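# Structural description and commentary
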Amino acid sequence: MAASVGTTPGGTTPAGMTPAGTTPESEKDTEFQEREKILCPDFLSVAQITEMLAEDVDGVQQKLEKLLNFRNLQTCLKEASLLDYYVSGFLWARGMDFSIIQYSKFMTLLDMLLHNLRTLHMSLEDSIKWLREVMAEIGPSHSQKNEEWNIFDVKQANAVVDYLKISLFQHYKLYEFLFFSAREEIVIGTEK
């Protein structure tokens, strides 16, 4: 690291330690870009969210069913459960009167929690730790300099965590079963 030096009418003053060839402003830009990557890419685009906000419950379900490419809702418990998870989350967020960016980050948060369970086999404890870290990044901040990075205020952040407790974490073992337990197909009915 090299010390950057600023000039003032009275002479030079040290501006602080910065990596060689950078300025404090470029460090802030880099930090901002890192913060922007949290929960990116977005699960739903602004256009998709705007479209779904105009829909009733059935319309939201149909749009998410198409987006998630679910084709066997009548016979596949996994698809039906996951669709319910996303639709319920979207409708809960609608009741919270979130902004478009809040919808986007909330739905991405829902998706990432399932992704972490499905692909990384995260335990309940690890998922809660991950949520804590993410909410520390996108939630309310006590420092004024990070205010532009806050997606949710304190009340909203608490509501998001409370919702995740009752929607995902309370039923975590069921979601683990859904993703990792082998199920036999049982044919009900007779051929015609």
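Residues numbered from 1 in each chain as written. Predicted model: local features only at pLDDT ≥ 70, side-chain atom pairs only at ≥ 80, totals over all residues. Heavy atoms only, no water.

## A closer look at the overall build of the protein
Helix and strand counts for the protein come out as eight helices and two strands. Listing every helix and strand of the protein by position from the N terminus yields β-β-α-α-α-α-α-α-α-α. Burial statistics for the protein: of 192 residues in total, 33% are counted as buried. Sequence-distant contacts in the protein: of pairs separated by 6 or more residues, those separated by 24 or more amount to 57%. Carbon and sulfur atoms provide 54% of the accessible area of the protein, an area that totals close to 12400 Å². (Helix = DSSP H or I, 4+ residues; strand = E, 2+ residues; numbered from the N terminus. Buried < 20%, exposed > 50% of the residue type's maximum accessible area, 1.4 Å probe, protein only. Contact = heavy atoms within 4.5 Å. Areas by Shrake-Rupley, 256 points an atom, 1.4 Å probe, with all protein chains shown as cover.)

## Details of the nonpolar core
The biggest cluster of nonpolar side chains holds 42 residues, and the ones touching the most others in it are Leu 64, Phe 106, Leu 109, Phe 152 and Leu 164. Where this core is concerned, the elements lending two or more residues are helix H2 (46–53), helix H3 (57–67), helix H4 (77–95), helix H5 (100–120), helix H6 (124–138), helix H7 (154–167) and helix H8 (172–180). A total of eight residues in this core trace back to one element, the largest contributor, which is H5. (Core = buried A, V, L, I, M, F, W, Y, C linked by side-chain atoms within 4.5 Å.)

## Side note on the packing of aromatic side chains
By the definition in use, this model includes 13 aromatic pairs. A centroid spacing of 4.9 Å and a plane angle of 15° characterise the contact between Phe 43 and Tyr 86, whose relative ring orientation is stacked. Taken together, the residues Phe 43 in the loop between helix H1 (24–36) and H2 and Tyr 86 in helix H4 connect sequence positions 43 residues apart. Relative accessible area serves as the criterion here: at 3%, Tyr 86 is assigned to the buried category. The interplanar angle of 40° and the centroid separation of 5.1 Å between the aromatic rings of Trp 92 and Phe 106 together place this pair among those described as tilted. In this pair, Trp 92 sits in helix H4 while Phe 106 sits in helix H5, placing the two residues 14 residues apart along the sequence. Taking the relative accessible area as the measure of exposure, Phe 106 reaches 0% and is therefore buried. (Phe/Tyr/Trp six-rings, centres within 6.5 Å; stacked < 30°, edge-to-face > 60°.)

## Observations concerning H8
The complete set of buried residues in H8 reads Tyr 172, Tyr 175, Glu 176, Leu 178 and Phe 179. Within H8, the buried residues cover an arc of 160° as seen down the axis, which keeps them to one side. Exposed and facing more than 90 degrees away from the buried side of H8 are Lys 173 and Leu 174. On its buried face, H8 sits against H4, H5, H6 and H7. (Arc of directions from axis to C-beta.)

## A word on the confidence of the model for the protein
Residues with a pLDDT of 70 or more make up 68% of the protein, whose mean pLDDT is 80. Between residues 1–19, whose pLDDT stays under 50, and residues either more than four places distant or in other chains, the model counts 30 contacts. Long-range and interchain partners of residues 26–36, a stretch whose pLDDT sits below 50, account for 13 contacts in this model, where long-range means more than four residues apart. (pLDDT = per-residue confidence, 0-100.)

## A few points about the pattern of salt bridges
All told, the structure shown has six salt bridges when counted by the stated rule. Between Lys 63 and Glu 51 there is a salt bridge, with the nearest N and O atoms lying 3.2 Å from each other. Within this pair, whereas Lys 63 is found in helix H3, its partner Glu 51 is found in helix H2, the two being separated by 12 residues in sequence. Relative accessible area serves as the criterion here: at 45%, Glu 51 is assigned to the partly exposed category. Across the pair Lys 165 and Asp 162 runs a salt bridge whose closest N-O atoms are separated by 3.6 Å. Residue Lys 165 and its partner Asp 162 are located together in helix H7, separated by three residues, close to a single helical turn. Residue classification places Lys 165 among the partly exposed positions, given a relative accessible area of 46%. (Salt bridge = Lys/Arg side-chain N within 4 Å of Asp/Glu carboxyl O.)

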